[in-house]
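# Results of the structural survey
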Amino acid sequence: MQSTRTLGRSGIEVSALGMGCWAIGGPWAEGHTPLGWGAVDDAESVRAIRRALDLGVTLFDTADTYGAGHGERILGRALAGHRDAAIIATKWGYTFDEQTRQATGSDASPAYLHRAVRASLRRLGTDRIDLYQLHLADLPVARAQALIGTLEDLVTDGLIRTYGWSTDRVDRAATFGQHAPHAVAVQHSLSVLRDAPELLGVCEKYDLASVNRGPLGMGLLTGKYQPDSTLPHDDVRGMASGWLEWFRGGRPAPEWLRRVQAVRAALTADGRTLAQGALGWIWARSDRTIPIPGCRSVAQVEENAAALALGPLTPDHFAEVERQLAALRTAALREADRPYWPSPMLPTARP
């Protein structure tokens, strides 16, 4: 496999693996509900980003709301002096208070878009954003279309190079693909546990990149979680939410742990770690995919980046994973966890 891919119809070359930067934003919340992944070591975050660059990872995906602006500041700090080696993707649409680290709502107006992009540029310490993504997954199509003119103006002004939409809604993705000249990517959920054939079809039809969040199931596909594992209260995975499918009540959801166990052997058959096998499945699934697993440490970056040399799963291993998943889908029709398979609740507002 080539270690690079093209960012949709932009012609921009990026690494086939990106780094998700949600977790390095650190704590922030909506009221008392955590939206971050707990406390972070900013110095380690900087080291992780720079190590990713050393290992050939060039795409870094963040959002202005991660850590209420802190995530962008850390990414900017890490890329200082290395900006031209990186492709920066960030998002806008949610509002927040940087001082209190509180989420305060959302704003889909063109006026806010103008303010948000300039604020992100300041925090990132850069003069342009390579991929600017609408973060409001369920924004009505008409309201999103009303932003295209403003986004095109930002491209003309050189503040952004391209843009896209972070959404799991097929009609939303197709709207940008069809009507937005400089839209080049859809960011959506994709993992071996949760396929997205319709969204991949939209990417193919409109020549868009498929940027994949949750490629490791928010950690489930690292193999580190057991049925009795618990997440701390300051971790977003430690609370219940309609858009957070992999964990319930601060514990890994048992129906998803069973599926991880079922595909483990096929994903690791050629000597990969479980996480590397899960990334290999995504690359084998489509040549448009760019998984962006989240990382908080150099060790995580090194394990994920090593998957680049291994490439996609072989056709035989990919077929075996699909065979195991087909058997699970059939079994799920009889099991108590039927509501969670094959169609878990679509993520809505976040991440």
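The preceding data block contains the structure.
All of the points below concern the structure found in this document. (Residues numbered from 1 in each chain as written. Predicted model: local features only at pLDDT ≥ 70, side-chain atom pairs only at ≥ 80, totals over all residues. Heavy atoms only, no water.)

Right, let's talk about the overall build of the protein chain for a bit. Broken down by element type, the protein chain carries eleven helices and 16 strands. A compact globule built from 351 residues would reach a C-alpha radius of gyration of about 20 Å, and the protein chain, at 19 Å, matches this within 12%. The C-alpha extent of the protein chain, read off along each of the three principal axes, is 55 × 40 × 40 Å. Of all 351 residues assigned to the protein chain, the portion counted as buried reaches 58%. Taking the contacts inside the protein chain whose residues are at least 6 apart along the sequence as the reference set, 73% of them involve residues at least 24 apart. For the protein chain, the accessible area works out to roughly 13,600 Å², and carbon and sulfur atoms hold 51% of it. Here the protein chain contributes 38 positively and 39 negatively charged side chains, and the mean placements of these two sets differ by 2 Å. (Helix = DSSP H or I, 4+ residues; strand = E, 2+ residues; numbered from the N terminus. Rg over C-alpha atoms; globule rule 2.2 N^0.38 Å. Buried < 20%, exposed > 50% of the residue type's maximum accessible area, 1.4 Å probe, protein only. Contact = heavy atoms within 4.5 Å. Areas by Shrake-Rupley, 256 points an atom, 1.4 Å probe, with all protein chains shown as cover. Lys, Arg positive; Asp, Glu negative; His and termini not counted. Charge placed at Lys NZ, Arg CZ, Asp CG, Glu CD.)

A separate point is the pairing of strand β10 (residues 129-134). For β10, the buried fraction is high: six of the six residues fall into the buried class. Here five bridges tie β10 to strand β11 (residues 160-166), and the two strands are oriented parallel to one another. In the sheet register, Gln133 faces β11, and the bridge partner there is Gly164. (Pairing = 2+ DSSP bridges.)

Running from N to C, helix α3 (residues 110-124) and helix α5 (residues 148-156) cross one another at 30 degrees; their axes reach a closest spacing of 10 Å. Of the possible angle classes, the one that applies to α3 and α5 is roughly parallel. Handedness of the α3/α5 crossing: right-handed. Across from Pro110, Leu113, His114, Val117 and Arg118 in α3, the residues of α5 making contact are Thr150, Leu151 and Leu154. Classifying every residue of the contact of α3 with α5 by side-chain character gives five nonpolar, two polar and one charged. (Axes fitted to C-alpha atoms, helices over the stretch in contact; angles between N-to-C directions. Parallel < 35°, antiparallel > 145°, perpendicular 65-115°, else oblique. Left-handed = near helix turned anticlockwise from the far one by under 90°. Nonpolar A, V, L, I, M, F, W, Y, C, P; charged D, E, K, R; others polar.)

Now for the pairing of strand β12 (residues 183-189). Counting buried positions along β12 gives seven out of seven residues, so the element sits mostly inside the fold. With four bridges connecting them, β11 and β12 associate as parallel partners. Looking at the pairing, Trp165 lines up with Val186 of β12. With five bridges joining them, β12 and strand β13 (residues 209-213) adopt parallel strand pairing. Paired with Ser189 across the two strands is Arg213, which belongs to β13. What joins β12 to β13 is helix α7 (residues 197-206), and the crossover it makes is right-handed. (Right-handed = clockwise from strand over helix to strand, strands pointing away.)

Here we take up the side chain of Asp130. Considering the arrangement of structural elements, one finds Asp130 in strand β10. With a relative accessible area of 0%, Asp130 lands in the buried category. A distance of 2.8 Å separates a polar side-chain atom of Asp130 from the backbone nitrogen of Ile88. (Polar contact = N/O pair within 3.5 Å; in protein donor to acceptor, adjacent residues only side chain to side chain.)

Before going further, it helps to examine the packing of aromatic side chains. In the structure shown here, the tally under the stated rule is nine aromatic pairs. Aromatic pair Trp22 and Tyr66: ring centres 6.0 Å apart, planes at 20 degrees, arrangement stacked. On the criterion of sequence distance, the pair formed by Trp22 in the loop between β3 (18-20) and β4 (29-30) and Tyr66 in the loop between β6 (59-61) and α2 (70-79) is long-range, its members being 44 residues apart. The class for Trp22 is buried, based on a relative accessible area of 12%. Take Tyr66: its relative accessible area is 4%, and that puts it in the buried class. Seen from their ring centres, Trp165 and Phe176 are 5.1 Å apart, and the 50 degrees between their planes marks the pair as tilted. (Phe/Tyr/Trp six-rings, centres within 6.5 Å; stacked < 30°, edge-to-face > 60°.)

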